[in-house]
Amino acid sequence: MLWFLFDNNKMLIKLNNNQVFIPNQEDIKGLAIQVERGILIGGLENFPCYAAEFSQAPEALPNDFAYMSLRKLFFKTDEEVFGIAGRAYQIIHWVRTHQYCGKCSSLMENKAGELARKCPSCGITSYPRISPAVIVAVVKDEQLLMASNINFPTSFYSVLAGFVEPGETLEACVQREIKEEVGIEVKNITYFGSQPWPFPDSLMIGFTAEYAGGEIAVDNTELATADWFARTQLPGNIPDNKTIAGRLIEWFLQGGTHGLYSNNKR
Ligand SMILES: [Zn+2]
């Protein structure tokens, strides 16, 4: 049994030679930790995985234990372990923020047989929230559209992204976001891949697209600057290739230009 234990957005981990491990039942017993809301969330190498919050986080930990933020964990663990940690965090966050019914304020209960919370008085059922967002690599004449967000450190550039709105298809969202943020029209929108992004509850859905018209006109409410970049002239500060943003940029660097190389590597 492995425990994905959270104190707000920090997870308890075990360290061995600077490598991150997930605490098991023995570890938890040894630390004499009080947990609440333990939920079975999956398995890892045949060990069942439970997510829980501390009812009271221990003040002092032995040297080989630590709390690690989910963002740091993203870079310190492999995709599978982080996937479970992200799922654990999202479910814990959802339970924590859905103690009471949003319609009649009664105390909600876990629904038997599915991952849901149900209101015993008015019957409303609540499911864990996932906020889908598109992220897009737009290519024009072997150049990639990249932008620097007003919240990014200066000189950090990435591909464009935005949240899906109710009633919108993913393709329509790609077109709207690119148009709103930089005034560009796109075509040949092609699915690339996806990545859960549990900060706190996004799912990034990646696309590639081809420039179809317009001149870059940056909407400064979100972006500081945007431009087309050739492969040899990419900005120095770009997303890590563990992220889907980084993988889209990698796709471009490996020759993805839409229509020109149809068998590009993903
Ligand atoms: Zn209710």
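Per-chain numbering applies: the sequence of each chain, read as written, is numbered from 1 onward. Per-residue local features are limited, in this predicted model, to residues with pLDDT of at least 70; the limit for side-chain atom pairs, both in listing and counting, is 80 or more; totals at the level of whole chains, interfaces and linings are taken over all residues.

1. Observations regarding the pairing of strand S10 (residues 131–140)
Side-chain direction in a regular strand flips from residue to residue, so the side chains alternate between the two faces of the sheet.
Right, on to step 1. By the convention used here, strands pair only if DSSP detects at least 2 bridges between them. A helix here means a DSSP run of H or I that spans at least four residues, while a strand means a run of E at least two residues long, and both kinds are numbered starting from the N terminus. Two strands pair when backbone bridges link them, and S10 and strand S14 (residues 202–213) are joined in this way by nine bridges, in the parallel orientation. Looking across to S14, one finds that Ala137 is bridged to Thr208.
Right, on to step 2. Bridge count for S10 against strand S12 (residues 160–163) is four bridges, and the pairing is antiparallel. Residue pairing across strands places Val136 opposite Leu160, the latter belonging to S12.
Right, on to step 3. Between S10 and strand S11 (residues 143–149), which follow one another and run antiparallel, lie two residues, and Asp141 among them has a positive phi close to 45 degrees.

2. Examining the domain arrangement of the chain
Right, on to step 1. Here the bounds of each domain stem from an automatic or database domain assignment. In terms of domain boundaries, the chain breaks down into domain 1 (2–97), domain 2 (100–128) and domain 3 (131–253).
Right, on to step 2. When each unit is reduced to the centre of its C-alpha atoms, the spacing between domain 2 and domain 3 is 37 Å.

3. Overview of helix H4 (residues 170–182)
Right, on to step 1. With 13 residues, H4 extends 18 Å between its outermost C-alpha atoms, agreeing within 8% with the 18 Å of an ideal straight helix rising 1.5 Å per residue.
Right, on to step 2. Here a residue counts as buried when 20 or more other C-beta atoms sit within 10 Å of its C-beta, as exposed when there are 12 or fewer, and as partly exposed otherwise, the C-beta atoms being derived from the backbone. Buried residues of H4: Cys173, Val174, Gln175, Glu177, Ile178, Glu181 and Val182, and no others.
Right, on to step 3. Once C-beta atoms are placed from the backbone, any two residues with those atoms within 7 Å are in contact. Each element contacted by the buried residues of H4 is listed here: S10, S11, S12, strand S13 (185–197), S14 and strand S15 (223–230).
Right, on to step 4. The first or second residue beyond H4 is Gly183, which carries a positive phi of 75 degrees. Every helix has an expected span of 1.5 Å times one less than the residues it contains.

4. Quick look at helix H3 (residues 79–97)
Right, on to step 1. For H3, spanning 19 residues, the distance from its first C-alpha to its last is 26 Å, which sits close to the expected 27 Å at 1.5 Å a residue.
Right, on to step 2. Restricting attention to buried positions, one finds in H3 the residues Val81, Ala85, Gly86, Ala88, Tyr89, Gln90, Ile92 and Val95.

5. A short note on the sheet that holds strand S8 (residues 117–118)
Right, on to step 1. Spatially, three strands are ordered S7-S8-S9 in an open sheet, and the strand pairing comes out antiparallel. If you trace the sheet from one side to the other, it starts and ends with strand S7 (109–110) and strand S9 (125–126), each paired once.
Right, on to step 2. Pairing of S7 with S8 involves two bridges; the strand directions are antiparallel. Looking at the pairing, Asn110 lines up with Arg117 of S8.

6. Re the nonpolar core
Right, on to step 1. Only buried Ala, Val, Leu, Ile, Met, Phe, Trp, Tyr and Cys residues enter a nonpolar core, and they are joined through C-beta atoms within 7 Å. In terms of nonpolar packing, the biggest core is built from 32 residues, with Val134, Val136, Ala137, Val138, Val159, Val174 and Leu248 touching the most fellow members.
Right, on to step 2. Looking at this core, the elements that each hand over two or more residues are S10, S11, S12, H4, S13, S14 and helix H5 (244–253).
Right, on to step 3. Non-local contacts of Val159, meaning those with residues more than four positions away in its chain, are made with Ile135, Val136, Ala137, Met146, Ala245, Leu248 and Ile249.
Right, on to step 4. In terms of nonpolar packing, the next biggest core, distinct from the first, is built from 20 residues, Ile41, Cys49, Ala52 and Tyr89 among them.

7. Section: the pairing of strand S1 (residues 2–7)
Right, on to step 1. Buried residues dominate S1, accounting for five of its six residues.
Right, on to step 2. Pairing of S1 with strand S5 (residues 47–54), which is carried by five bridges, proceeds in the parallel orientation. Paired with Leu5 across the two strands is Ala52, which belongs to S5.
Right, on to step 3. Of the pairings in the sheet, the one linking S1 to strand S2 (residues 10–16) comprises two bridges and is antiparallel in character. Among the inter-strand pairings, Asp7 is bridged to a residue of S2, identified as Lys10.
Right, on to step 4. A loop of two residues connects S1 with S2, the two strands running antiparallel in sequence, and Asn8 in this loop sits at a positive phi of about 55 degrees.

8. Digging into unusual backbone geometry
Right, on to step 1. The linkage connecting Phe199 with the following residue, Pro200, adopts the cis geometry, with an omega of 5 degrees.
Right, on to step 2. Looking at where Pro200 falls in the secondary structure, it is placed in the loop between S13 and S14.
Right, on to step 3. Even without being glycine, Asn8 reaches a positive phi, approximately 55 degrees.
Right, on to step 4. With respect to the helices, strands and loops of the structure, Asn8 is situated in the loop between S1 and S2.
Right, on to step 5. The backbone phi angle of Asp141 is positive, close to 45 degrees, even though this residue is not glycine.
Right, on to step 6. Of note, Asp141 is situated in the loop between S10 and S11.

9. As for the environment of Gln34
Right, on to step 1. As for its position among the elements, Gln34 is in the loop between helix H1 (25–31) and strand S4 (35–44).
Right, on to step 2. It is 28 Å that separates the C-alpha atoms of Gln34 and Pro120, two residues lying 86 residues apart in sequence.
Right, on to step 3. Filtering out sequence-adjacent residues up to four positions away, Gln34 remains in contact with Phe54, Ser55 and Gln56.

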